[in-house]
Amino acid sequence: MFRRSFWFTTGVAAGVWATTKVNRKLKQLTPEHLATQAANKALEAGNRLKDRAVGFALDVRDNMAQREAELEDALGIGADPELPAPRRQAAIENRSKPKSYVIDNTTYSYNRNEDH
């Protein structure tokens, strides 16, 4: 009698375990669950890709600044170039009498806003 109850209990436990496993697997194979898993994996892949792209952009920026510094040193270009002193006199001076323009009795108007 003891032997029969032992095997009966073992069989019930194995059946419950197998049923639980099958039900879990069936829930994982529902369309909603599959869509959720796909969305989560896509988000993870997108985050990894974004992190790699940001890291690449930062590396490019650092290397670009380093190369610019190397080129400036090689060409002798300083960060603060010396500017020429400001001119004190105009490049072309016209010291003659300023011209005055006189229009003799014309009816032409320079007002662009009036009606034509």
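Parameters at a glance
Residues numbered from 1 in each chain as written. Predicted model: local features only at pLDDT ≥ 70, side-chain atom pairs only at ≥ 80, totals over all residues. Heavy atoms only, no water. Helix = DSSP H or I, 4+ residues; strand = E, 2+ residues; numbered from the N terminus. Buried < 20%, exposed > 50% of the residue type's maximum accessible area, 1.4 Å probe, protein only. Areas by Shrake-Rupley, 256 points an atom, 1.4 Å probe, with all protein chains shown as cover. Phe/Tyr/Trp six-rings, centres within 6.5 Å; stacked < 30°, edge-to-face > 60°. Expected span 1.5 Å × (residues − 1). Patch = residues over 30% accessible without salt bridge, like charges linked within 9 Å, V, L, I, M, F, W, Y side chains within 5 Å. Salt bridge = Lys/Arg side-chain N within 4 Å of Asp/Glu carboxyl O.

By the naming in an unreviewed UniProt entry, the protein chain is Secreted protein, taken from Streptomyces cinnabarinus.

1. Focus: the overall build of the protein chain
Along its length, the protein chain carries 2 helices and 0 strands. The 116 residues of the protein chain split such that 0% are buried. Carbon together with sulfur atoms contributes 58% to the accessible area of the protein chain, which is approximately 12,100 Å² in total.

2. Some points on the packing of aromatic side chains
Taken as a whole and judged by the stated rule, the model has 1 aromatic pair. Ring centres 5.1 Å apart and planes at 75° place the aromatic pair Phe6 and Trp7 in the edge-to-face group.

3. Some details on helix 2 (residues 31–75)
Its 45 residues place the ends of helix 2 64 Å apart at the C-alpha level, agreeing with the 66 Å of an ideal helix rising 1.5 Å per residue. Just beyond helix 2, the residue with positive phi is Gly76, at close to 75°.

4. Considerations on a nonpolar patch on the surface
Residues Phe2, Phe6 and Trp7 make up a contiguous nonpolar surface patch of roughly 430 Å² in combined accessible area. Note that Trp7 resides in helix 1 (residues 2–28).

5. Here we look at the pattern of salt bridges
For the structure on display, the rule yields 1 salt bridge. Glu70 is the partner of Arg67 in a salt bridge, and the nearest nitrogen-oxygen pair spans 3.2 Å. With Arg67 and Glu70 both in helix 2 and 3 residues apart, this pair spans about one turn of that helix. In this structure Arg67 comes out as partly exposed when scored by relative accessible area, which is 47%. Among the residues examined, Glu70 registers a relative accessible area of 37% and is labelled partly exposed.

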